[in-house]
Amino acid sequence: MDHVEIDKQHCWHPFTQQEIWTSPQHQPVMIDSGKGVWLKDTEGNKYIDGNSSIWTNIHGHNHPAINQAIKVQLDKISHSSYLGFGHPLASELALRLVSFFPETDLKRVFFSDDGSTAVECAMKMALQFRIQNGEPEKTEFIAFIGGYHGDTLGAASLGGVEAFFARFRRFGLIVHFIRDLDELRDFTESDLGKIAAVIIEPLVQGVNQIHVWPQGMLEELRVFTQEKSIHLILDEVMTGFGRTGSMFACQQEGVTPDFLCLAKGLTGGYLPMAATLVTETIYKGFLGDPQRAFYYGHSYTANPLGCAAALASLDVFKEENTLIGVKEKAAYLAYKLSYLANENTHIKEIRRCGLVAGVEMLTDQKGVGIEICEAARKYQLLTRTILNTIVLMPPLSITRDEIDIMVAALDQSIADVLD
Ligand SMILES: *Cc1c(COP(=O)(O)O)cnc(C)c1O
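Given the structure is predicted, the values throughout are model-derived calculations rather than measurements. (Residues numbered from 1 in each chain as written. Predicted model: local features only at pLDDT ≥ 70, side-chain atom pairs only at ≥ 80, totals over all residues. Heavy atoms only, no water.)

Q: So what's going on with the nonpolar core? Which residues, and what values?
A: Ranked by size, the top nonpolar core spans 75 residues in total, and within it Leu97, Phe111 and Phe241 carry the most contacts. Once residues lying within four places of it in the same chain are set aside, the contact partners of Phe111 are Tyr82, Ala90, Leu93, Ala94, Leu97, Met273, Ala274, Ala275, Thr301 and Ala302. Membership of the second largest hydrophobic core comes to 29 residues, among which are Phe141, Val237, Phe286 and Tyr296. (Core = buried A, V, L, I, M, F, W, Y, C linked by side-chain atoms within 4.5 Å. Buried < 20%, exposed > 50% of the residue type's maximum accessible area, 1.4 Å probe, protein only. Contact = heavy atoms within 4.5 Å.)

Q: Which residues make up the site of the ligand, and what are the values?
A: Lining the immediate surroundings of the ligand are Trp55, Asp114, Gly115, Ser116, Tyr148, His149, Gly150, Glu201, Asp235, Val237, Met238 and Lys264. Gly115 has a polar backbone atom sitting 2.8 Å from an oxygen atom of the ligand. For the ligand, a nitrogen atom lies 2.6 Å from a polar atom in the side chain of Asp235. Protein coverage of the free-state accessible area of the ligand, which is 380 Å², stands at 84%. Here the shell around the ligand is composed, by residue class, of 4 nonpolar, 4 polar and 4 charged. (Near = heavy atom within 4 Å. Polar contact = N/O pair within 3.5 Å; in protein donor to acceptor, adjacent residues only side chain to side chain. Areas by Shrake-Rupley, 256 points an atom, 1.4 Å probe, with all protein chains shown as cover. Nonpolar A, V, L, I, M, F, W, Y, C, P; charged D, E, K, R; others polar.)

Q: Just give me the short version of the pattern of salt bridges, but keep the residues and values in it.
A: With the rule as written, the count across this model stands at 14 salt bridges. A salt bridge links Asp258 to Arg222; the shortest N-O distance between them is 3.0 Å. Remark: Arg222 occurs in helix α11 (residues 217-227) and Asp258 occurs in the loop between β10 (231-235) and β11 (259-262); sequence separation between them is 36 residues. Its salt-bridge partner being Glu360, residue Lys348 comes within 3.7 Å of it at the nearest N-O pair. Highlighted residues: Lys348 in strand β13 (residues 347-353) and Glu360 in strand β14 (residues 356-361), separated in sequence by 12 residues. Taking relative accessible area as the criterion, Glu360 reaches 15% and is therefore assigned buried. The network of salt bridges with shared partners includes Lys348, Glu349, Arg351 and Glu360. (Salt bridge = Lys/Arg side-chain N within 4 Å of Asp/Glu carboxyl O. Helix = DSSP H or I, 4+ residues; strand = E, 2+ residues; numbered from the N terminus.)

Q: Could you give an account of the sheet that holds β13, naming the residues involved and the relevant values?
A: Here 4 strands make up an open sheet; going across it, the order is β13-β14-β17-β16 and the pairing antiparallel. Of all the strands in the sheet, just β13 and β16 (385-386) have a single pairing partner and so form its edges. Bridge analysis of β14 against strand β17 (residues 389-392) gives 4 bridges, and the strand direction is antiparallel. Within the sheet, the bridge partner assigned to Glu360 lies in β17 and is Thr389. Contacts from helix α14 (residues 322-343) reach β13, β14 and β17, with the element oriented near 175 degrees to β13. (Pairing = 2+ DSSP bridges. Axes fitted to C-alpha atoms, helices over the stretch in contact; angles between N-to-C directions.)

Q: Summarise the sheet that holds strand β3 (residues 46-49); cite the residues concerned and give the values.
A: Pairing within the open sheet is mixed, and its 4 strands lie in the order β1-β2-β3-β15. Single-partner strands in this sheet number two, and they are β1 (31-35) and β15 (381-382). Taken together, the 2 bridges between β3 and β15 define a ladder with parallel strand orientation. Counterpart to Asp49 in the pairing with β15 is Leu382.

Structural data, given as structure tokens:
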């Protein structure tokens, strides 16, 4: 049996209707290797990684510095327990992460494995903090319609995408979903008194078809939550590490949250690892009696290989002036996409924030986005669609020439499907 046959007989893919996946006419792309923004499949075809391997990759695949850092750590030890022990790279990484927020109270780092666990842990911290610090009535959350925070049951209960999460609602927590800040201001004081925390994806909701928030909204939310003693959880699992043009999206509005959830790009997109940054104020609410500790953790917490990759990725940001490059590239992508929007009559709207873009098609006919993404493979672009919004979220290391290829591929594949 070849790999495709084994896959169809024994594997189960995320967010996938397996009946379609395993059908005889479906030829899945099997990725074999990568270099920079390019992926190569087992048939030898090359593609631009147009969604950064589901929003994870930052500096390109097979980056020599990150590869080297992992190899050095591999020869020392691949994993040791963070439960009861520490290790130098985790200390170094924690310091590097909090150093992005100097002169703020964001001083503690709790490591975990992926975006969902980064959020899960913020939620449990938020609840336990209230329970043991004299506010046991604050047990509810506010989240935004269209938001996505991961798939574990806790994180999923904050998810505002009905198609994914509605069926699990009654098993989760009490969560109030709002569309915007006006709806937040409609809450009564007594309702607000029950809220432990508000969670938001700052600047742009990824899964919600790249929905960009109005400028200044995040800052307003911070002011409101501070006034009402509600914690602010920022889910920067997608927006973190340069994608929106700054290291973290919240920096663009001068906002410091109580909890900052990081994952996807933390290791440059190399290894599963997450971090929840927390204020010292919240941390102190867990000191004292042993029962006040945070009884939460995962076996691979602070994995040394992940830490090595993350530290190397942060070094690459400096060595390659990645953030300066992102600003130029984002401007170039904006220029290319505005041209595309003008000239391609099938496009309804293009939404963009930094190097994150969503190209929404005019048609609401089901499956058009999928067909366009499949057509794009012929033109060397591999990406995914959300409903009929095609996502372009390339690694930050993409060049202008590669942006040209990516946008031309999209233009051509839209024509192939819709002209
Ligand atoms: C991907 C994502 C998550 C979940 O992260 P996983 O690593 O897939 O668990 C959470 N929040 C946002 C904003 C994401 O984009």
